[in-house]
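Descriptive analysis of the structure
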Amino acid sequence: MKSWMGAAVLLGLWAVQAQNAPVAPFPKNYTKGLVLYGMGDRSDGKSRDFYASSAAIDAARRGQELPVGSMLVLETFRAKEAQGGGFLKDSKGFLVRDRPEHELHVMLKVAPESALSKAWVFGAYDPSTGQPQAGTNPLSDCLFCHTEALGTDMLFSFKELKAFAQSGQLQRIDCPLPERQPCPPPRTE
Ligand code: HEC
């Protein structure tokens, strides 16, 4: 993407966010009200649950643009450490979870899409209290990185969301890189 286009996209998004709710709200009862479509382990011992609202899943199944009001949620857990280093894995090679990281990332679609503006707002919460996560600015911290996934409606796991929508099978969204680094190969369609 040309850099001026990236800037136009960012400006468009911020304009939308200034008009509407600037932050995605804390989704109460997200484990029941949303649908678990994927789980993902990373090399730094973080293991995550991926949730989407049923309207988002229905649209993905039909191959349509995700509607305004779609919500995506990512919850992070920390794995048990293995003796002698590394992390404990189960018989299938997946991380054994130890405890919550108190980190819930939320995306909410807020305005009609246009060619340059995929309008999402973001939020970061402690899921045990519903309080905003300290030290996180949902505007600057989240949007910048998710712009890399502009081609898939700002979602990194769009392909897996679609695969879940079509098959009903929980998707693995594992990545050998630590932290939030976008994982190659790109998970586009
Ligand atoms: C440095 C890049 C980066 C930053 C910063 C980042 N994310 Fe993400 N996010 C990702 C990646 C990559 C994934 C795919 C999941 C994975 O690979 O762990 C993801 C997944 C998600 C998902 C699941 C839907 C999807 O896109 O697959 C949500 C919801 C989400 N992030 C919200 C947030 C929020 C809220 C913030 C800010 C508090 C944030 N993210 C900050 C890279 C980032």
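Residues numbered from 1 in each chain as written. Predicted model: local features only at pLDDT ≥ 70, side-chain atom pairs only at ≥ 80, totals over all residues. Heavy atoms only, no water.

- Per an unreviewed UniProt entry, the chain is named Cytochrome P460, and its organism is Meiothermus granaticius NBRC 107808.

Describing helix α4 (residues 138-146)
- Taken together, the buried positions of α4 are occupied by Pro-138, Cys-142, Leu-143 and His-146. Within α4, the buried residues cover an arc of 95 degrees as seen down the axis, which keeps them to one side. (Buried < 20%, exposed > 50% of the residue type's maximum accessible area, 1.4 Å probe, protein only. Helix = DSSP H or I, 4+ residues; strand = E, 2+ residues; numbered from the N terminus. Arc of directions from axis to C-beta.)

Overview of the sheet that holds strand β2 (residues 46-52)
- The seven strands lie next to each other as β6-β5-β4-β3-β2-β1-β7, forming an open sheet whose pairing is mixed. The two strands at the open ends of the sheet, each matched to only one other strand, are β6 (131-132) and β7 (171-172).
- Where strand β1 (residues 35-41) and β2 come together, six bridges link them in antiparallel fashion. In the strand pairing of β2, Met-39 is matched with Asp-49. (Pairing = 2+ DSSP bridges.)

Comments concerning the pattern of salt bridges
- Applying the stated criterion across every chain yields a total of nine salt bridges.
- With its nearest N and O atoms 3.0 Å apart, the salt bridge here joins Arg-61 to Asp-58. Of the two residues, Arg-61 and Asp-58 are both situated in helix α3 (residues 54-62); the distance of three residues between them amounts to about one turn of the helix.
- Overall, Asp-58 belongs to the partly exposed group, its relative accessible area being 30%.
- For the salt bridge of Arg-172 with Asp-174, the shortest nitrogen-to-oxygen distance reads 2.8 Å.
- Among the residues examined, Arg-172 registers a relative accessible area of 29% and is labelled partly exposed.
- Overall, Asp-174 belongs to the partly exposed group, its relative accessible area being 33%.
- Because the salt bridges share partners, they merge into one network encompassing Asp-41, Arg-172 and Asp-174. (Salt bridge = Lys/Arg side-chain N within 4 Å of Asp/Glu carboxyl O.)

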